[in-house]
Amino acid sequence: MMDERRSKWEEERWKREEEWRMMQEQREEEWKEWQETEQCETTPQQVQASAGYASREGDNNDNNIIMRLHDEIYPEQTELGDIKKIVKVTEDNLKTISDKMREET
């Protein structure tokens, strides 16, 4: 059962990667065609933006959704400071316990 799930997952992954490669190839072909016909000095990113393609660096709907979710769950600076203090105290106490256990053995 687990192997079946894994093979389905891998099959889906390879399918998505192949689709991505095909889209990239199509974009490259369109860019070359456009470059040949227009003969202007526009960057591929500018062309993609004008053609409606979302760039990896730019704002697109997925980025906006992820950033909104991140803002909802990410702690405020005061909370983050408190969390860091708790982690530091916990690490220090664990180190002390570890050192004492080592001395006893």
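1. Focus: the overall build of the protein chain
- What the protein chain contains, in helices and strands, is 4 helices and 0 strands.
- Within the protein chain, the proportion of its 105 residues that are buried is 5%.
- When the accessible surface of the protein chain is summed, it comes to about 10,100 Å², and 52% of that surface belongs to carbon and sulfur atoms.

2. Concerning the packing of aromatic side chains
- On inspection of all chains with the given rule, the structure shows 0 aromatic pairs.
- Directly above the ring of Trp14 sits Arg13, whose terminal nitrogen or CZ lies 5.1 Å from the centroid.

3. Structural notes on a nonpolar patch on the surface
- A cluster of nonpolar residues, Leu94, Ile97 and Met101, forms a patch on the protein surface that exposes about 320 Å² of accessible area.
- Here Leu94 lies in helix 4 (residues 77–104).
- Among the residues examined, Leu94 registers a relative accessible area of 54% and is labelled exposed.

4. Digging into a negative patch on the surface
- Side chains of Glu25, Glu28, Glu29, Glu30, Glu33 and Glu36 sit close together on the surface and give a patch of like negative charge.
- Looking at where Glu29 falls in the secondary structure, it is placed in helix 1 (residues 2–38).
- Owing to a relative accessible area of 48%, Glu29 belongs among the partly exposed residues under this scheme.

About the criteria used
Residues numbered from 1 in each chain as written. Predicted model: local features only at pLDDT ≥ 70, side-chain atom pairs only at ≥ 80, totals over all residues. Heavy atoms only, no water. Helix = DSSP H or I, 4+ residues; strand = E, 2+ residues; numbered from the N terminus. Buried < 20%, exposed > 50% of the residue type's maximum accessible area, 1.4 Å probe, protein only. Areas by Shrake-Rupley, 256 points an atom, 1.4 Å probe, with all protein chains shown as cover. Phe/Tyr/Trp six-rings, centres within 6.5 Å; stacked < 30°, edge-to-face > 60°. Lys NZ or Arg CZ within 6 Å of the ring centre and 35° of its normal. Patch = residues over 30% accessible without salt bridge, like charges linked within 9 Å, V, L, I, M, F, W, Y side chains within 5 Å. Salt bridge = Lys/Arg side-chain N within 4 Å of Asp/Glu carboxyl O. Lys, Arg positive; Asp, Glu negative; His and termini not counted. Charge placed at Lys NZ, Arg CZ, Asp CG, Glu CD.

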